[in-house]
Amino acid sequence: MKPAYSTAHGAAYCGDSSELLHSGIGRRIRGKASLILTSPPYPLNRQKAYGNKQGQSYLDWLATFGPIFHELLAEDGSLVVELGNTWNRGQPTMSTLPLRALMRLQESADFYLCQQFIWHNPARLPSPAQWVTVERIRLKDSHTHVWWMSPSPTPKANNRNVLTEYSAAMKSLLKSGRYNSGARPSEHVISDRGFVSNNQGAIPGSVLSYANTGANSGYHKYCKSIGVKPHPARMPPSLAEFFINFLTEPGDLVVDPFAGSNTTGATAEQLGRRWVSIEKREDYVAGSKGRFAQLIEGERTPTSV
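Residues numbered from 1 in each chain as written. Predicted model: local features only at pLDDT ≥ 70, side-chain atom pairs only at ≥ 80, totals over all residues. Heavy atoms only, no water.

Caption draft 1: Seen up close, the packing of helix H3 (residues 55–63) against helix H4 (residues 65–72). Where H3 contacts H4, the axes come no closer than 5 Å and their chain directions differ by 20 degrees. By the angle class used here, H3 and H4 are roughly parallel. Counting all contacts with H3, which are made through Trp61, Leu62 and Ala63, the residues of H4 involved are Phe65, Gly66 and Pro67. The residue makeup of the contact of H3 with H4, split by class, is five nonpolar, one polar and no charged. (Axes fitted to C-alpha atoms, helices over the stretch in contact; angles between N-to-C directions. Helix = DSSP H or I, 4+ residues; strand = E, 2+ residues; numbered from the N terminus. Parallel < 35°, antiparallel > 145°, perpendicular 65-115°, else oblique. Contact = heavy atoms within 4.5 Å. Nonpolar A, V, L, I, M, F, W, Y, C, P; charged D, E, K, R; others polar.)

Caption draft 2: Spatial organisation of the sheet that holds strand S4 (residues 73–83). Reading across the sheet, the nine strands line up as S1-S2-S11-S10-S3-S4-S6-S5-S9 and stay open at both edges, with mixed pairing between neighbours. With partners counted over all chains shown, the strands left at the sheet margins are strand S1 (5–6) and strand S9 (207–209), one partner each. In the sheet, strand S2 (residues 10–14) pairs with strand S11 (residues 274–279) via five bridges, with the strands oriented parallel. By the bridge assignment, Ala12 is partnered in S11 with Ser277. The strands that helix H9 (residues 237–247) touches are strand S3 (33–38), S4, strand S5 (112–120), strand S6 (143–150) and S9; relative to S3, the one it contacts most, it runs at about 160 degrees. (Pairing = 2+ DSSP bridges.)

Caption draft 3: Just the nonpolar core, in detail. Counting 33 residues, the largest nonpolar core has Ile36, Phe69 and Leu79 as the members making the most contacts within it. For Leu79, the contacting residues outside a window of four places in its chain are Ile36, Phe69, Leu73, Leu105, Phe111, Trp147, Trp148 and Met149. Formed by 26 residues, the second largest nonpolar core is a distinct cluster that contains Trp119, Ile244, Val254 and Ala268. (Core = buried A, V, L, I, M, F, W, Y, C linked by side-chain atoms within 4.5 Å. Buried < 20%, exposed > 50% of the residue type's maximum accessible area, 1.4 Å probe, protein only.)

Caption draft 4: Structural detail: the environment of Tyr5. Positionally, Tyr5 belongs in strand S1. Considered as a pair, Tyr5 and Phe292 are 287 residues apart in the sequence and their alpha carbons are 9.5 Å apart.

Below you can see the structure in the form of structure tokens.
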């Protein structure tokens, strides 16, 4: 099958992920993916344009991909899945369906759970509106769960690639070379040199805060220029960048089987990784070309992720 479009480092395909990953595309990349980074359709109560499933059918559907993903991954590869929250219909209570779906996916292929992350979106609109802005009995739902799994307990990973800038206090400590060492109430004992080494940055925590904004982005402008609607649930490029830097090296293969607007592919392209993306809807695939317009011959509007 020919890709819908391609670049120097990757290719985007239009079709059903299950079918394509069982066909020639899947066979060509079997055992070669260093990272599968994806955000499958959420199991929302309200039907979205991208065709989300619900209830038990969602659990069964997502679990079928576990063995497929296991076959695609290299021995030291990683699977990173971001999945949003769901509220029970007509109630100010949350559903456990997303967590059960992620557990079913993990169990379906006996993946190791390497670490759980929280993606906090400070720009998230107040929702669900009925309980947050109308009745005022809940706080806005501003985070989603991100699970990092692998066929191996020791997949490729390097937190030196995702260090953050030191705080002002840490910079001051490094400058002075003095630290309040000794025992702590937690029974940890801090050596007198334990925190005075400059490691070029701080190790991030497992709560990742990235605002998902960009209503005036080049992607939106491109979609408007060709007359298609932007994907309504886009992964922020900063989140994709974090995991690609953390879990892969330049030249590695990154796969997104539920590509949507293809943030994963565009970020992988920018970071010098090879990539393959699959999206079922033709209009979303057409719009995602806007993320690569400067790289695809004949596209009219240069844009960026």
